[in-house]
Structure formats: C-alpha cells, structure tokens
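As a plain string of letters, each chain reads:
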Amino acid sequence: MTDTPLRFHVPQPASRPGEQPDFSHVVIPKAGSVERPPVDVDPKAIRDLAYSIIRVLNREGQAVGPWVPDLSQEDLIRGLRHMMTLRSFDARMQMAQRQGKTSFYMQHTGEEAVSCAFRIALRPGDMNFPTYRQAGLLIADEYPLVDMMCQIYSNERDPLKGRQLPIMYSSKQHGFFSISGNLATQFVQAVGWAMASAIKGDTKIAAAWVGDGSTAESDFHAALVFASTYKAPVVLNVVNNQWAISTFQGIARGGSGTFAARGLGFGIPALRVDGNDYLATYAVAQWAIERARRNLGPTLIEYVTYRAGAHSTSDDPSAYRPKQESDGWPLGDPLLRLKEHLIAIGAWSEERHKQTEAEILETVIAAQKEAERFGTLHSGGKPSARDMFEGVYAELPPHLRRQRQQLGV
C-alpha cells in the first residue's frame, strides 16, 4: 500500500482582486425566523443559535419576529443620528489624516450599528473594553466630539496628553477602558474586571470587544476559560467584519464554522446577529446584558458585518479583495436600513434625512475647527513634556525628579 502524500491546507477567500465578489457562503435566514429563548436558558438548548443569524429588519424595512426590541421612534431616530454622526466624523478625520493633520486614522464604515446600538443597552458605570473600531460607544454616550478630535491630533487639549496612538481613546466616565494596540488583551481585562465587580458585590457589568482576526490570539481563549469557570458578568463581543488587516476571516475562524461556535466548547451561550441591523443588534445586546446582570454568566456574540473601508489609513484593501466587494455585501448598509425602517413606519423622510445630514456635518465641522484651535500634528500647541512624569507614581522618585528639572518642566 502506497501512502498518500500529506497536503498542507491554507484556507482561501471566495474571491480575490480582479474577480467577482462571492458571498454565497453567507447563509442569511429570513428576518424574524430565529427563536428568542428566555434569558435563563440552558446554553446546551440553544446551540443552533451559534450557527444562524438573528435578524429583525426585513427587505421592506419592517421589524418582524420575536427579537423586535422595545424601542420608541425617538430611540430609533437617536440611534440613526448616532450612526450618521460617526460616519460624518469618520469622513472629516480621514480627510484630516490625508491633509497631514494627524498621523493615523481608522474608519468604521459599515460597522456603525454594532457599537452605537450596544451602548444604549448599557447602564452608567458599566465598562467597555473596546478595540479601535468602537468609537460609536463614545458617540452614542454623547462624549464630546472636540475631545475625540483633540486626542486624534495629540494637541495641547488631548485628554490623554499625547500618550496614546490617535483613535485610542479612554474615558472612565463614559465606560470606555483604555485601548491597547496589542490584539485581544482587552478580552482578558474585561473578564477580570467583571470578576472583580462580582467579588465586590457590585451591580456593574463589563463588555469585551474583539475583531474576527484577534480570536486567533491566546488571550481570547484564556478569557473564555475564566469567564465560563467563574460565570463572570461579561458580554464577549466578536465583530466579524469578514477581513482582518489583509487576511479573510477563514484564517482565524479555522474549522469551527462560526466565531460564535467557539463559545460552545466552554459552555457559554453563543449567538450570531446581523451586525448591520440596528434593532437586532440592540435586542441581542439587551438579552446578553440582562443575563450578565442576573448572575447567569457570560454570553458570546458574533456580529456578522462588513468592513466597507480600508483597515486603516495605512491599508489598501484593493490589494487583497475585489474593489466592488463592499457593494455586494448581502446585509446592506446599517444607516440605510434603519433609515428605510423609520420611513416605513412614518417617522422619517428623505427630506428630513438630508436636513439631518447637513446639520450633523455642520456640527462635526464646528467641532473640528474648535479642536484645531488647540493644535494638530505639525502645528499649534502640544502636550507638555512635563506630562510624561505625571500620573505614574504617587510620589515622583528622585531620579525622575532630577530628569524633569533637567528638562526645565
């Protein structure tokens, strides 16, 4: 008997540059067709939810099925405004980077619903441990745009005093933990924070965020072990936008079929949701958050969405995926889908939408002008060199005191 030669397998995306986009592998259930289990359900009873996609908005813009959330028209309009603000903010900051006013920027195009909807399901005091593509958590919590821009410009009004890469915000008041450039570290940090909250007998929960590519990091798996063992009050969010920096999701996903399915081996309830459906995203977030608050442990959520833009201002996606691929994404644009829903229920109109776009752009431009008064990357005020000595030690050691004196700050 002759042995068959072994073959090394490397997963390949459905299409490459110059080819027709192919999303035939994305199986999309009918809106409203996925069950909504009780919050205290046994994870073993809902294994199939790790392989389906929870959807609320159908093709006609109607909200259907058991996952329709209890959100008023005013809530939905506010949510649409949050997403529109984030998209307008992105456009201005992307332009600012191209003009040399900042060194780096990362857009959220196509993913706005995920963070904007999740944020309004939380309570004050809850803590997010985000990645670099969840600025919607801040915008939906009314964090000042000027402060966000000053951080991006690293100017004299930068709340983080120039210590962080642009777009790596931090705000304890707004439940936004300091972003780390090291992938997946925030997953174990969130679980630890949630465990501490439970040990103290507090009422606050944590939310961890990670992209599809970062699920290949060991911290992701370590976080699931601790979360499941200690029933930490945490929501574990995986934003599957189909692409890491230049690698399609199949590399990190491996043979699990879905990212949500990773939770099953740890006994964690796992759900997949249409991340471009604002209503579905909110409903699933609300379900998982309630589960955490009721001491029922963690939930793993996979948001099925699409990164319509480049990974960052340092990336050229045309080098690894078809240029027209974003046009073929079958779950559409989150802003347009919520807009169509509001129009369908008589709460919005094309005229009002155009007017709101103009109002938001005016607000964002005004915030940008205000932020630039305090400096940009190559002009204007900068954080003081003195700041590097502050906020590290309760009492500055003698050798650092001497260094500060030598600098004259």
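Rules of the game
Residues numbered from 1 in each chain as written. Predicted model: local features only at pLDDT ≥ 70, side-chain atom pairs only at ≥ 80, totals over all residues. Heavy atoms only, no water. Helix = DSSP H or I, 4+ residues; strand = E, 2+ residues; numbered from the N terminus. Expected span 1.5 Å × (residues − 1). Pairing = 2+ DSSP bridges. Axes fitted to C-alpha atoms, helices over the stretch in contact; angles between N-to-C directions. Buried < 20%, exposed > 50% of the residue type's maximum accessible area, 1.4 Å probe, protein only. Contact = heavy atoms within 4.5 Å. Polar contact = N/O pair within 3.5 Å; in protein donor to acceptor, adjacent residues only side chain to side chain. UniProt positions renumbered as here; feature names shortened; annotations may be inferred. Parallel < 35°, antiparallel > 145°, perpendicular 65-115°, else oblique. Left-handed = near helix turned anticlockwise from the far one by under 90°. Nonpolar A, V, L, I, M, F, W, Y, C, P; charged D, E, K, R; others polar. Salt bridge = Lys/Arg side-chain N within 4 Å of Asp/Glu carboxyl O. Patch = residues over 30% accessible without salt bridge, like charges linked within 9 Å, V, L, I, M, F, W, Y side chains within 5 Å. Areas by Shrake-Rupley, 256 points an atom, 1.4 Å probe, with all protein chains shown as cover. Phe/Tyr/Trp six-rings, centres within 6.5 Å; stacked < 30°, edge-to-face > 60°. Lys NZ or Arg CZ within 6 Å of the ring centre and 35° of its normal. Core = buried A, V, L, I, M, F, W, Y, C linked by side-chain atoms within 4.5 Å.

Draft legend 1. Layout of helix α1 (residues 73-98). In this model α1 runs 38 Å from its N-terminal to its C-terminal C-alpha over 26 residues, within 8% of the 38 Å that 1.5 Å per residue would give. Phi turns positive, to about 80 degrees, at Gly100, one or two residues after α1.

Draft legend 2. Just the sheet that holds strand β4 (residues 270-274), in detail. Here we have 5 strands laid out as an open sheet, ordered β1-β2-β3-β5-β4, and parallel in their pairing. The open sheet terminates on both sides in strands that have one partner only, identified here as β1 (127-129) and β4. Averaged over neighbouring strand pairs, the angle between their axes works out to 20 degrees when direction is ignored.

Draft legend 3. Just the environment of Arg307, in detail. Mapping Arg307 onto the fold places it in the loop between β5 (299-304) and α9 (334-344). Here Arg307 falls in the buried class, since its relative accessible area comes to 1%. Leave out the neighbours within four places in its chain, and Arg307 touches Thr109, Glu111, Arg133, Asn241, Trp243, Ala244, Ile245, Asp315, Tyr320 and Arg321. Within the structure, Arg307 has its side chain in polar contact with the backbone oxygen of Gly309 (distance 2.9 Å).

Draft legend 4. Seen up close, helix α5 (residues 185-199). The end-to-end C-alpha distance of α5, which contains 15 residues, comes to 22 Å, matching closely the 21 Å that a straight helix rising 1.5 Å per residue would cover. Buried residues of α5: Thr185, Gln186, Phe187, Ala190, Val191, Ala194 and Ser197, and no others. One or two steps after α5, the chain reaches Gly201, where phi turns positive at roughly 75 degrees.

Draft legend 5. Local environment of the UniProt feature "domain: Dehydrogenase E1 component" (unreviewed entry) in the protein chain. In this numbering, the UniProt entry assigns the feature "domain: Dehydrogenase E1 component" (unreviewed entry) to residues 82-376. Between the C-alpha atoms that bound residues 82-376 the distance is 25 Å, and the span itself is 41% helix and 9% strand.

Draft legend 6. Layout of the packing of α1 against α9. Contact geometry of α1 with α9 gives a least axis separation of 10 Å together with a crossing angle of 150 degrees. When the axes of α1 and α9 are compared, the pair comes out roughly antiparallel. Of the two elements, α1 crosses α9, and the hand of that crossing is left-handed. Where α1 approaches α9, its residues Gln73, Leu76, Ile77, Gly79, Leu80, Met83, Met84 and Arg87 are matched on the opposing element by Pro334, Leu335, Leu338, Lys339, His341 and Leu342. For the contact of α1 with α9, the per-class residue count stands at 9 nonpolar, 3 polar and 2 charged.

Draft legend 7. The pattern of salt bridges, seen in detail. One pass over the full model with this rule turns up 21 salt bridges. Its salt-bridge partner being Arg87, residue Asp333 comes within 2.8 Å of it at the nearest N-O pair. With Asp333 in the loop between β5 and α9 and Arg87 in helix α1, this pair connects stretches of sequence that are 246 residues apart. For Asp333, a relative accessible area of 22% puts it in the partly exposed group. Residue Arg87 is classed as partly exposed on the basis of its relative accessible area of 22%. Residues Glu111 and Arg133 are paired through a salt bridge, measuring 3.8 Å at the closest nitrogen-oxygen approach. Here Glu111, found in the loop between α1 and α2 (112-119), pairs with Arg133, found in the loop between β1 and α3 (136-139); they are 22 residues apart in sequence, far enough to count as distant. As far as the burial class goes, Glu111 and Arg133 line up, both buried. Linked through salt bridges whose partners overlap, the residues forming this network are Arg55, Asp274, Asp277 and Arg337.

Draft legend 8. Up close: a nonpolar patch on the surface. Taken together, the side chains of Phe8, Val10 and Ile251 make up a nonpolar region of the molecular surface, amounting to roughly 340 Å² of accessible area. Positionally, Ile251 belongs in helix α7 (residues 250-253). With relative accessibility at 43%, the residue Ile251 sits in the partly exposed group.

Draft legend 9. Region of the structure containing the packing of aromatic side chains. All told, the structure shown has 14 aromatic pairs when counted by the stated rule. Measuring from ring centre to ring centre gives 4.4 Å for Phe129 and Phe177, while their planes differ by 25 degrees; the resulting arrangement is stacked. One end of the pair, Phe129, is in strand β1; the other, Phe177, is in the loop between α4 (145-153) and α5, and 48 residues separate them in sequence. Note on Phe129: relative accessible area 2%, which makes it buried. Three or more aromatic residues joined by ring pairs make a cluster, and in this case those are Phe23, Tyr306 and Trp329. Note that Arg36 overlies the ring of Trp67, its terminal NZ or CZ placed 5.0 Å from the centroid. Above the face of the Phe374 ring, Arg157 is positioned so that its terminal group lies 4.7 Å from the ring centre.

Draft legend 10. Seen up close, the UniProt feature "domain: 2-oxoisovalerate dehydrogenase E1 alpha subunit N-terminal" (unreviewed entry) in the protein chain. Mapped onto the present numbering, the UniProt feature "domain: 2-oxoisovalerate dehydrogenase E1 alpha subunit N-terminal" (unreviewed entry) falls on residues 4-44. Taken end to end, residues 4-44 is 0% helix and 0% strand, and its two terminal C-alpha atoms sit 39 Å from one another.

Draft legend 11. Region of interest: the side chain of Arg119. Along the chain, Arg119 turns up in helix α2. The class for Arg119 is buried, based on a relative accessible area of 6%. Only 3.3 Å separates the side chain of Arg119 from the side chain of Asp141, close enough to count as a polar contact. Apart from the residues within four sequence positions on either side, Arg119 is in contact with Asn128, Leu137, Ala140, Asp141 and His174.

Draft legend 12. Geometry of the nonpolar core. Of all hydrophobic cores here, the largest spans 77 residues; its most connected members are Trp67, Phe89, Phe118, Met148, Ile167, Tyr169 and Tyr278. Ranked by the residues each element gives to this core, the list is headed by helix α8 (residues 278-293), at 11 residues. Setting aside residues no more than four positions away along its own chain, Phe118 makes contact with Ala113, Asn128, Leu137, Ala207, Trp209, Val235, Asn237, Ala285, Ile289 and Tyr303. One finds Val238, Ala261, Ile268 and Ala270 within the second-largest nonpolar core, a separate group that totals 27 residues.

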